[in-house]
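# Report on the structure
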Amino acid sequence: MDITNGDVAATQQHHDATKRSDHDDSSSNQNQSIHDDDVSVSSIIALSELDPPPSRSEILRDKWLESLSGKIHFWVGVTVMALIIIDGAFFFFLLVGAQNMCTPRTNCNPRNWWYNFSIQFLNVLFTYLATVSLPWRLSNTAHLFNGSRSSDAGLDLYGRPTEKIWYHISQSRRRIIVFFLILNSLTQYANQATRIIYYSFELQNVFPGTLWTNLFFMLSMMCAAVAGVLQIHAEMGLRKVHPEKFPPTLFETLGEYLTKVRNIRRRTREEGGDEEEPTRDGDVEEDRRKLERGRSFFVRNIHSFFSNVEPSLGLWGL
């Protein structure tokens, strides 16, 4: 075997692969630039240029929504979601009797006390989300059903062009979604009221407590489920049809980044194991630059994603 020719071929393949990778990175950065430009497209039309100008109620609405858009509010919402998952799992295990505290497993103390505590705490968390999301839900309801501004697809609350994905869902679909979200808030408040009236395990476990607590709990969950499925399905469809317009989801961004990392590390291991062609310092430096570009792209895409879905998350208290 001609080692010199083999080295030349291997080097040429490496350069070709580097060019392809650089092209991919360039394309990714170009797409990211498009997304960044899209996020701020609604700012092209200033509020002072609107006709009619913003009303007092609209200015008050903006301040209300702005107060719910900070990082602290977001992380509180994430914490509440995590607590819902943890407490929901705890409640389920107690419901089916998967506990070793006492017997009989589905009706004994202290199991009954913890069962009541878990459902009460769960309802407080749901009520919090129903309350902090209400400004977004009411704002979209007013805009879609009785607003003076156009609510056509692609227009924000002021009727300005925007690339926020929520506003690109069809007007009829958004109306259905916010209708069920408002029902979710109302039934959750009713559910919370029943949990205050029938506050103990004994009261909520006999008629009429068992009827009212379970009825409004199920209605609230059903309304949230319908709205969530409709919204997720619509936004996924938009991303599939217009991938150049809307940033990829967190899972897609993470998957792309991890794929790049795995490919670079696999190539490094393969070249490092070839005794005839040791890994070059230039190759190591090039791999390091690619990883840095990949991390930078990952961070930018996450920022772009959260900026693009701000109204979508606001509808759920995040």
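So, here's what we can say about the structure. (Residues numbered from 1 in each chain as written. Predicted model: local features only at pLDDT ≥ 70, side-chain atom pairs only at ≥ 80, totals over all residues. Heavy atoms only, no water.)

## Some thoughts on unusual backbone geometry
The omega torsion across Thr103 and Pro104 is -10 degrees, close enough to zero to call that bond cis. Tracing the backbone through its elements, the reader meets Pro104 in the loop between α3 (71–95) and α4 (111–132). (Helix = DSSP H or I, 4+ residues; strand = E, 2+ residues; numbered from the N terminus.)

## Things to note about the environment of Ser307
Within the element layout of this structure, Ser307 appears in helix α10 (residues 281–308). The class for Ser307 is buried, based on a relative accessible area of 18%. Each C-alpha atom, one on Ser307 and one on Lys164, is 7.9 Å from the other, the two residues being 143 residues apart in sequence. (Buried < 20%, exposed > 50% of the residue type's maximum accessible area, 1.4 Å probe, protein only.)

## Section: a nonpolar patch on the surface
A contiguous nonpolar patch, built from Leu83, Ile86, Phe90, Met101, Trp113, Trp114, Phe117, Phe121 and Val124 and spanning about 820 Å² of accessible area, is present on the exposed surface. Among the secondary structure elements, those contributing two or more residues to the nonpolar patch are α3 and α4. Take the nonpolar patch: its biggest share by element is five residues, from α4. Tracing the sequence through the fold places Met101 in the loop between α3 and α4. Here Met101 falls in the partly exposed class, since its relative accessible area comes to 36%. (Patch = residues over 30% accessible without salt bridge, like charges linked within 9 Å, V, L, I, M, F, W, Y side chains within 5 Å. Areas by Shrake-Rupley, 256 points an atom, 1.4 Å probe, with all protein chains shown as cover. Salt bridge = Lys/Arg side-chain N within 4 Å of Asp/Glu carboxyl O.)

## Points about a positive patch on the surface
A cluster of basic side chains, namely Arg262, Arg265, Arg266 and Arg269, defines a positive patch on the protein surface. Here Arg269 lies in helix α9 (residues 250–272). By relative accessible area, which is 59% here, Arg269 ends up exposed. (Lys, Arg positive; Asp, Glu negative; His and termini not counted. Charge placed at Lys NZ, Arg CZ, Asp CG, Glu CD.)

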